[in-house]
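Okay, here's what each chain looks like letter by letter:
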Amino acid sequence: MCEPERSLVPVQPSPQVLRPAQASPMSVQAVAELTGARPTAGAAAGIEITGIEQRSNAVQPGDLFAGLAGAKAHGARFAADAVARGAVAVFTDAAGAELLGDLGVPVLIHDDPRAVLGELSAALYGHPSRKLQVIGITGTSGKTTTSYLVEAGLAAAGRSTALIGTIETRIGGRRVPSALTTPEAPQLHAMFALMVEQGVQAVVMEVSSHALALGRVDGVHFAVGAFTNLSQDHLDFHADFEDYFAAKRRLFVPDPGAPDRQVAADTCVICVDDAWGRRLAREASGRAPVVTVATAAGATGATEPEWTVDDVVALADGGQQFTAIGPSGAISTRLRLPGRYNIANGLLALAVCASAGVDPAVAAAALAAVDVPGRMQRVDAGQDFLALVDYAHKPAAVESVIATLRRYLRDTGGRLAVVVGAGGDRDAGKRPLMGATAARGADLLIITDDNPRTEDPAEIRAAIRAGALGIAESERGEVREIGDRAAAIAAAVDWARAGDVVLVAGKGHETGQEIAGVKYPFDDREVLGQALARSADGKDLTVS
């Protein structure tokens, strides 16, 4: 096997290290000139840098170690470990330099090293994103599903593709679990360089608000940027909705406050079903081509959208079909995924593929075969009711999923059980909203633990319960609280009868549950399958 193929395997079990087989060395002096950093006196001019890393335990020989200020500790404290592993220079700020001592390697001091880390990483790996067609997808909900749909459309057109997202990173069909929705800049540009070596032509990546705000995608050249929607999430990180929107906006509109950190895409594809999308389309107009997508009535704004839908039909197998109406005419499209919001995701994917140069009819045919792990994923053990696992963990997402299932239940006459919790150390304001939304839509709401992380699980559940019980009794279903997530899922299964639906929401594809800072194995799909199998008297589980 050739060296680039071997490099797809992480160098260490943890953390993952994906690097190109070949590097273009850069001198310490060149790094200083590129970034404006100040080398310490006597820095050896002949030292060459072949990579960059901000994780000391992932450093490779020849790396520049970036010691950045963090929320809990300054990265410069780990510089000695980095040097021991082969780092040949350190890049940090003045505060970090004071922590270093004599390491025997050059030190480059910058007033704001994070601000130039992306461009520096891109330069060290030869600006690989310029050699790829990079498609970035942002928004509160739908990033993962839209990414999978777009990748399928590109692959159907014969493109060699890669995927970077919440569930996995995939390069040429090889999968690498994702630690972050968007990797840090040094890892991201190293992966791009690896993709170039592997012959990848197009990369579809989720771009989180954290990534945009923290500079993880700095230095990336985006050919196409896509926006799904905006609703409440991450307000533990962002000051308010305006701040949240401003972070997303950077993928489409240059940020005047950060002239050296521009990532705005060459072409913008924006869903204008909500007011944030319509505003974004207005603000991006004039800078780059803007393609608008709408599935909701009255979501047109000042101009008619280029892409709309018609003839939406729910299918007996849980999927749906619709007619996409775009610049080239009407295209019959089918999805395995239920829900009006997935119509929006599918239409956006078609518009993105078209903007990337793919025949939308070719892309539409590919969309019909796409399943997305943990997104309205059916779990079947032979039971006579529908059991689903979904990643919905925000009020708007929970509301959309419940609305979809309510429409399905109109035909079956069944009832809906929802099992849901909320993550700890995250936006606490959404917890009562999720409780209210779920209580209003479910016949049975079981409040349980999600990932409590370092918070008291009982306090998280209490906030959700307060929102649920704030709904008038005549307008809500039964509300139970069962902290143990496996027991909560089992209770929902025991409650269900023929024609009902059981929805386990919040964790989707995740395979662990973090409690008191410790992550334990836990996969909603497996736990739900086990509960169904026990209920069905030991029938084999098939996950579809």
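Residues numbered from 1 in each chain as written. Predicted model: local features only at pLDDT ≥ 70, side-chain atom pairs only at ≥ 80, totals over all residues. Heavy atoms only, no water.

Engineer: If you had to explain the packing of helix 14 (residues 430-441) against helix 15 (residues 457-469) to someone new, which residues and values would you point to?
Structural biologist: One way to put it is that helix 14 packs onto helix 15 with a least axis distance of 6 Å and a crossing angle of 50°. Between helix 14 and helix 15, the angle is such that the two are oblique. The two elements helix 14 and helix 15 meet at a crossing, and its hand is right-handed. For the pair formed by helix 14 and helix 15, the contact residues are Arg431, Pro432, Gly435, Ala436 and Ala439 on the first element and Ile460, Ala463, Ile464, Gly467 and Ala468 on the second. Its residues placed into classes, the contact of helix 14 with helix 15 shows seven nonpolar, two polar and one charged. (Axes fitted to C-alpha atoms, helices over the stretch in contact; angles between N-to-C directions. Helix = DSSP H or I, 4+ residues; strand = E, 2+ residues; numbered from the N terminus. Parallel < 35°, antiparallel > 145°, perpendicular 65-115°, else oblique. Left-handed = near helix turned anticlockwise from the far one by under 90°. Contact = heavy atoms within 4.5 Å. Nonpolar A, V, L, I, M, F, W, Y, C, P; charged D, E, K, R; others polar.)

Engineer: Residues and numbers for the pattern of salt bridges, please.
Structural biologist: Taken as a whole and assessed by the stated rule, the structure comprises 26 salt bridges. The partner of Arg175 in a salt bridge is Glu168, and the shortest N-O contact between them spans 3.3 Å. A salt bridge links Arg461 to Glu481; the shortest N-O distance between them is 2.8 Å. Of this pair, Arg461 sits in helix 15 while Glu481 sits in strand 23 (residues 478-481), and the two are 20 residues apart along the sequence. A cluster of three or more residues bridged by salt bridges with shared partners is formed by Arg19, Glu53, Arg55 and Asp63. (Salt bridge = Lys/Arg side-chain N within 4 Å of Asp/Glu carboxyl O.)

Engineer: Tell me about the domain arrangement of the chain, and please be specific about residues and values.
Structural biologist: Structurally, the chain comprises domain 1 (26-123), domain 2 (127-368) and domain 3 (377-541). If you average the C-alpha positions of domain 1 and of domain 3, the two centres end up 46 Å apart. (Domains from an automatic or database assignment.)

Engineer: Can you lay out the packing of aromatic side chains for me, pointing to particular residues and giving the numbers?
Structural biologist: By the definition in use, this model includes two aromatic pairs. Centroid distance Phe227 to Phe252: 6.4 Å. Interplanar angle 85°. Geometry classified as edge-to-face. Here the residue Phe227 occupies a position in strand 13 (residues 224-227), and Phe252 occupies one in the loop between helix 9 (241-249) and strand 14 (267-271), the gap between them amounting to 25 residues. Taken individually, Phe227 and Phe252 each receive the classification buried, so the pair is uniform in this respect. Arranged with centres 5.2 Å apart and planes meeting at 40°, the rings of Phe245 and Trp276 form a pair that is tilted. Taken together, the positions of Phe245 in helix 9 and Trp276 in helix 10 (residues 275-284) put the pair 31 residues apart, joining distant regions of the chain. In this structure, Phe245 and Trp276 share a single accessibility class: buried. Above the face of the Trp495 ring, Arg415 is positioned so that its terminal group lies 3.8 Å from the ring centre. (Phe/Tyr/Trp six-rings, centres within 6.5 Å; stacked < 30°, edge-to-face > 60°. Buried < 20%, exposed > 50% of the residue type's maximum accessible area, 1.4 Å probe, protein only. Lys NZ or Arg CZ within 6 Å of the ring centre and 35° of its normal.)

Engineer: Report on the sheet that holds strand 4 (residues 51-53), specifying residues and quantitative values.
Structural biologist: Spatially, five strands are ordered 2-7-6-5-4 in an open sheet, and the strand pairing comes out mixed. Only two strands of the sheet have a single partner each, and these edge strands are strand 2 (38-39) and strand 4. Here four bridges tie strand 5 (residues 63-67) to strand 6 (residues 89-92), and the two strands are oriented parallel to one another. The partner of Leu64 across the bridge, within strand 6, is Ala89. The strands touched by helix 2 (residues 28-35) are strand 2, strand 5, strand 6 and strand 7 (107-109); relative to strand 7, the strand with the most contacts, the crossing angle is about 5°. (Pairing = 2+ DSSP bridges.)

Engineer: Describe the state of the cysteines, with residues and values.
Structural biologist: Across all of its chains, the model carries zero disulfides by this definition. Free cysteine Cys268: the closest other cysteine sulfur is in Cys271, separated by 14 Å. Overall, Cys268 belongs to the buried group, its relative accessible area being 0%. There is no disulfide at Cys353, and the cysteine sulfur nearest it, in Cys271, is 15 Å away. For Cys353, a relative accessible area of 0% corresponds to the buried category. (Disulfide = S-S within 2.5 Å.)

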